[in-house]
Structure formats: structure tokens, C-alpha cells
Amino acid sequence: MKCDTLVIGAGVFGLSIARAIRRLGREVVVVDAAGPGAGASATPLGVLAPHSPDRWNEKKQAQFEALTSLADVVVGLEAETSIDIGYRRCGRLIPLIREHHVALWQARAVDAASNWRGVAALSVVTPSEDWLPRDAAPFGAALCGLSARIDARAYVAALARSVERIEAGYRLAALEDGAAVFDNGERIRARHIVLANGAGAFEHLPDLDDETPAGRGEKGQAAILRLAPGQAVSDLPLIYRDRLYIVPRGETHVAVGATSEREYGDPDMTDTQLDSLIDKAEAICPALEGAEVIERWARLRPRAADKRLLVGPHPTHAGVTVATGGFKTGLAMAHKVAETVARLPITSGS
Ligand SMILES: Cc1cc2nc3c(=O)[nH]c(=O)nc-3n(C[C@H](O)[C@H](O)[C@H](O)COP(=O)(O)OP(=O)(O)OC[C@H]3O[C@@H](n4cnc5c(N)ncnc54)[C@H](O)[C@@H]3O)c2cc1C
């Protein structure tokens, strides 16, 4: 096979890139080992949360721009595909456990007022007892008005619908200059190849100068719970405490997660670490009493060695662009990564 642009990986990165390149009028083929959303992009959580607004830097500015521009991307994609992507600027509650946290977050509220430029506010609030009671938030909670949620699976489905050609059953075995070889025996030549296969991309990147890998997969586990009859959560802010997210999904469902595991066996299996997270969520949030776990889920997050996005020319293969490293914030960043990749000049490899 031969094509103009070949995107390897049908997660939120690969699909966003394919959409952006197609919009420039170029022919794009997306291939994936399994199919759209088979990797981390199908996370049940779908949290879109900013870094804290203090000690502002380039990385925080880039994330702010991504978060604030995503709503428009969603509107365009929903109009194009008729898929409801479930984007809501719902806010995020961060319980204040110690008294000095109040002053800390009040100071951050001042930073938010200047760095978030009036787009959203940060404040210290007393949350509703039904959602985040006083024993879980003894000094109230910080309410981050910039945080949002998205239905990640619907986002992937909409992106996939907007991309004309996606082929499953193509597991990348080796990269060449201007070509990719797959486990199914196919060799695809392309003027431009985009390596966007999430955690799998690191297998196709050389080690760094200090002989450590360019990145790795970090496992995360999450669950979806159906609330007991009579409970509803649709307009509530998500809760974040000690790396635990509790995220409303529609009226009657809540997602809980996620673990962060460097050492793991099967990357797609869940275990007792997820049970502990669910127990912790139930202890914090009375609305989860009697909820039923309806899905347990695990995948690998793509984590670059320096935890940053890894976007740019492949270090050893001409005509290949790398786009990975979304780690814990890939859903918010994918459309910006796509804009960057679509603009990059290509050193043709074929
Ligand atoms: C438990 C958990 C919770 C998360 N929660 C959030 C959240 O709330 N908010 C957020 O922003 N981010 C979250 N993330 C991170 C986010 O999911 C990732 O940053 C993002 O999905 C990465 O997208 P991607 O397209 O790079 O990778 P992926 O979605 O993993 O896509 C990679 C694709 O490449 C394919 N592939 C892999 N290897 C090969 C190969 N050799 N050949 C061909 N195809 C291949 C896979 O099948 C897959 O479809 C979470 C991740 C996890 C695991």
C-alpha cells in the first residue's frame, strides 16, 4: 500500500492528527493494531483539569490554551458528526484537609484571577453535604471553575467518524525511512508517517543520550459505578482528593480512578488496587452508597521520560513524526498536538 500520510494509532492523538491533516486537504490513512479507542483514550474518567495557577510557566500556559480552546473543537465536531461528546465545564472540588490549605488556596485564587484571564475563577467554598460532606472536607474545598469533563469514548467515536479511512489489524513491527512494516505482513509506504500509538510508540524510539528509554507505559485502573435508585449527579463538580477522581458521567453514573503503576503484569487487567480506590471513593462521597460497579478498566498511559509531550521529528527516521506522551492530560492536549503536527514541515522519507 502507498499513501500520502499514514497515522499509526487510532487513539485521541492519532485521530485528532488525522482530522487536522485531512482538513488541510491531504489524504490520510489511520491504522491501528485493534481499532479506534482500544488504548488509554477510552478512559472512563475524562477529566480536563488545569495545573494549579501559581508559579505560572510555559507548560501551564500551553495547557490553559488547550483547555480553553477545546470547547470550540467539541462544538465543531458535534456539529460535523451528530455525536454528543458530553463536554461540561462542571468544575472540580479539591477538599481542604488542613487549616493552612485555606490560605494556600485563597492565594491560588488570586493567581487564577490573573493567569486565567477571567475565563474561570478559583474559590474556596463549602460543598454540599450530599456530595462532599464535612468529614471529607473539614475546611471546605477549593472549587476550580476551569475544570471540565468529557465523555472520552464519545470523543474518540466522533473523531473516528470524522476521519475517512481507519484500518484495524495493523500492529507496527518496524519503522523504516518512509515506510512502516506491520505484523500482518503489510508494508505501507507514505510521504509522511505519524507515530501516534500511545505507550507503544516508545518501542520505536531510540534510547536517550543517557541510555534510558524515551518513555514508558504507566498503568492506570478506573471503574464506572451506577448509582443506587434515587441518586443523581449530572450537574455536580468532579472531586479530586489524593490522586483519586470521582467524576459524574451523565445523570446516574460515576467514574472512579485512577491508579498510577510503574510495575505491573497484564496492562489491561484490574486488581485489588482498584477495589481500594472504589472503597476510598465510597468513604468520601455519600452519593456512592449502594452504587454498583458496572465496569472495571485498565490501560497504559504514554509517559515520556520527562513527563512532557513528545511531539516532533523521529530522531532516526526521515519522514516520520512522533506524537505521544499525553500521560495524564492527553484528552485536553490532543487537538493542540494535532495543530502542531499538521503544521510541521515534512522531510520526506519516501
Ligand atoms: C486509567 C486512566 C485514566 C485516564 N484519565 C484521563 C483523564 O481523565 N483525562 C485525560 O486527559 N487523560 C486521561 N488519561 C490519559 C489519556 O488517556 C492519554 O493521555 C491519551 O488517551 C493518550 O492518547 P494516545 O492517542 O496517545 O494513546 P492511546 O489512546 O493509548 O492510543 C494508542 C493507539 O495505538 C494503538 N497501538 C498501540 N501499539 C500499536 C502498534 N504497535 N501498532 C499499531 N497500533 C498500536 C492502540 O491500539 C491504541 O488504539 C488516562 C489514562 C488512563 C490509563
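Residues numbered from 1 in each chain as written. Predicted model: local features only at pLDDT ≥ 70, side-chain atom pairs only at ≥ 80, totals over all residues. Heavy atoms only, no water.

1. Re the overall build of the protein chain
And step 1. Across its full length, the protein chain holds six helices and 18 strands.
And step 2. Taking 2.2 N^0.38 as the reference for a compact globule, 350 residues should give roughly 20 Å; the C-alpha atoms of the protein chain span a radius of gyration of 21 Å, in line with that estimate.
And step 3. Taken over the C-alpha atoms alone, the protein chain extends approximately 60 × 45 × 40 Å along its principal axes.
And step 4. For the protein chain, buried positions account for 52% of its 350 residues.
And step 5. For the protein chain, long-range pairs separated by at least 24 residues make up 74% of all intrachain contacts whose partners lie at least 6 apart in sequence.
And step 6. When the accessible area of the protein chain is evaluated, it comes to approximately 15600 Å², of which 48% is carbon and sulfur surface.
And step 7. Across the protein chain, the centroid of the 40 positively charged side chains sits 4 Å from that of the 44 negatively charged ones. (Helix = DSSP H or I, 4+ residues; strand = E, 2+ residues; numbered from the N terminus. Rg over C-alpha atoms; globule rule 2.2 N^0.38 Å. Buried < 20%, exposed > 50% of the residue type's maximum accessible area, 1.4 Å probe, protein only. Contact = heavy atoms within 4.5 Å. Areas by Shrake-Rupley, 256 points an atom, 1.4 Å probe, with all protein chains shown as cover. Lys, Arg positive; Asp, Glu negative; His and termini not counted. Charge placed at Lys NZ, Arg CZ, Asp CG, Glu CD.)

2. Concerning the pattern of salt bridges
And step 1. Enumeration over the complete set of coordinates arrives at 17 salt bridges.
And step 2. Across the salt bridge formed by Asp-4 and Arg-26, the nearest N and O atoms sit 3.5 Å from each other. Here Arg-26 lies in the loop between helix 1 (12-22) and strand 2 (28-32) and Asp-4 lies in strand 1 (residues 2-8), a separation of 22 residues in the sequence.
And step 3. For Asp-4, a relative accessible area of 18% corresponds to the buried category.
And step 4. A salt bridge links Arg-23 to Glu-80, with the nearest nitrogen and oxygen atoms 3.8 Å apart. Within this pair, whereas Arg-23 is found in the loop between helix 1 and strand 2, its partner Glu-80 is found in helix 2 (residues 58-81), the two being separated by 57 residues in sequence.
And step 5. The class of Arg-23 is exposed, set by a relative accessible area of 60%.
And step 6. Each of the salt bridges in this network shares a partner with another, and the network as a whole consists of Arg-216, Glu-218, Arg-301 and Arg-303. (Salt bridge = Lys/Arg side-chain N within 4 Å of Asp/Glu carboxyl O.)

3. Topic: the nonpolar core
As a rule of thumb, soluble globular proteins bury nonpolar side chains together.
And step 1. Val-7, Leu-15, Ile-17, Val-30, Leu-48, Ile-150 and Tyr-155 are the most contacted members of the largest nonpolar core, which totals 39 residues.
And step 2. For this core, the secondary structure elements donating two or more residues are helix 1, strand 2, helix 2, helix 4 (152-162) and helix 6 (330-343).
And step 3. In contact with Val-7, other than residues within four places in its own chain, are Gly-14, Ile-17, Ala-18, Val-28, Val-29, Val-30, Val-31, Val-194 and Ala-196.
And step 4. By size, the runner-up hydrophobic cluster in this structure holds 24 residues, among which are Leu-93, Trp-131, Val-233 and Ile-239. (Core = buried A, V, L, I, M, F, W, Y, C linked by side-chain atoms within 4.5 Å.)

4. Side note on the site of the ligand
And step 1. Not every one of the 36 residues close to the ligand is listed here, only the nearest: Asp-32, Ser-41, Val-47, Leu-172 and Phe-327.
And step 2. Asp-32 is positioned with one of its side-chain polar atoms (N or O) 2.6 Å from an oxygen atom of the ligand.
And step 3. About the coverage of the ligand: the protein hides 95% of its 1000 Å² of free accessible area.
And step 4. Only helix 1, strand 12 (215-226), strand 16 (292-304) and helix 6 provide two or more residues apiece to the shell around the ligand. (Near = heavy atom within 4 Å. Polar contact = N/O pair within 3.5 Å; in protein donor to acceptor, adjacent residues only side chain to side chain.)

5. Here we look at the environment of Glu-164
And step 1. As for its position among the elements, Glu-164 is in the loop between helix 4 and strand 8 (166-168).
And step 2. Within the structure, the side chain of Glu-164 is placed 3.3 Å from the side chain of Arg-22, a separation counted as a polar contact.

6. Comments concerning helix 2
And step 1. In a regular helix each residue adds 1.5 Å, so 24 residues correspond to 34 Å; helix 2 covers 33 Å between its end C-alpha atoms and thus fits that length.
And step 2. Ser-69 marks where helix 2 bends most, by close to 35°.
And step 3. Every buried residue belonging to helix 2 is among Lys-60, Gln-61, Gln-63, Phe-64, Ala-66, Leu-67, Ser-69, Leu-70, Val-74, Leu-77 and Thr-81, and all of these are buried.
And step 4. For helix 2, the elements touching its buried residues are helix 1, strand 3 (47-48), helix 3 (100-115), helix 4 and helix 6.
And step 5. Of the residues that open helix 2, the one with a side-chain oxygen 3.1 Å from the backbone nitrogen of Lys-59 is Asn-57.
And step 6. Just downstream of helix 2, Ser-82 is the residue with a positive phi angle, here 60°. (Expected span 1.5 Å × (residues − 1). Bend = angle between axes of the 7 residues up to and from the residue.)

7. Remarks on unusual backbone geometry
And step 1. A cis amide bond links Gly-257 to the next residue, Ala-258, at an omega of 0°.
And step 2. Within the element layout of this structure, Ala-258 appears in the loop between strand 15 (253-257) and helix 5 (272-284).
And step 3. The residue Glu-211 is not glycine, and still its phi comes out positive at about 65°.
And step 4. If you trace the backbone, Glu-211 turns up in the loop between strand 11 (187-195) and strand 12.
And step 5. You will see that Asp-242, though not glycine, has its phi angle at about 50°, which is positive.
And step 6. By the secondary structure assignment, Asp-242 is in the loop between strand 13 (238-241) and strand 14 (244-249).
And step 7. In this structure Asp-242 comes out as exposed when scored by relative accessible area, which is 56%.

8. Focus: the packing of aromatic side chains
And step 1. According to the stated counting rule, one finds three aromatic pairs in the structure shown.
And step 2. Seen from their ring centres, Trp-56 and Phe-64 are 6.1 Å apart, and the 70° between their planes marks the pair as edge-to-face.
And step 3. For Trp-56, a relative accessible area of 26% gives the class partly exposed.
And step 4. Owing to a relative accessible area of 6%, Phe-64 belongs among the buried residues under this scheme.
And step 5. Their ring planes at 35° and their centres at 4.4 Å tell us that Tyr-240 and Tyr-245 sit as a pair that is tilted.
And step 6. Classification of Tyr-240 as partly exposed rests on a relative accessible area of 25%. (Phe/Tyr/Trp six-rings, centres within 6.5 Å; stacked < 30°, edge-to-face > 60°.)

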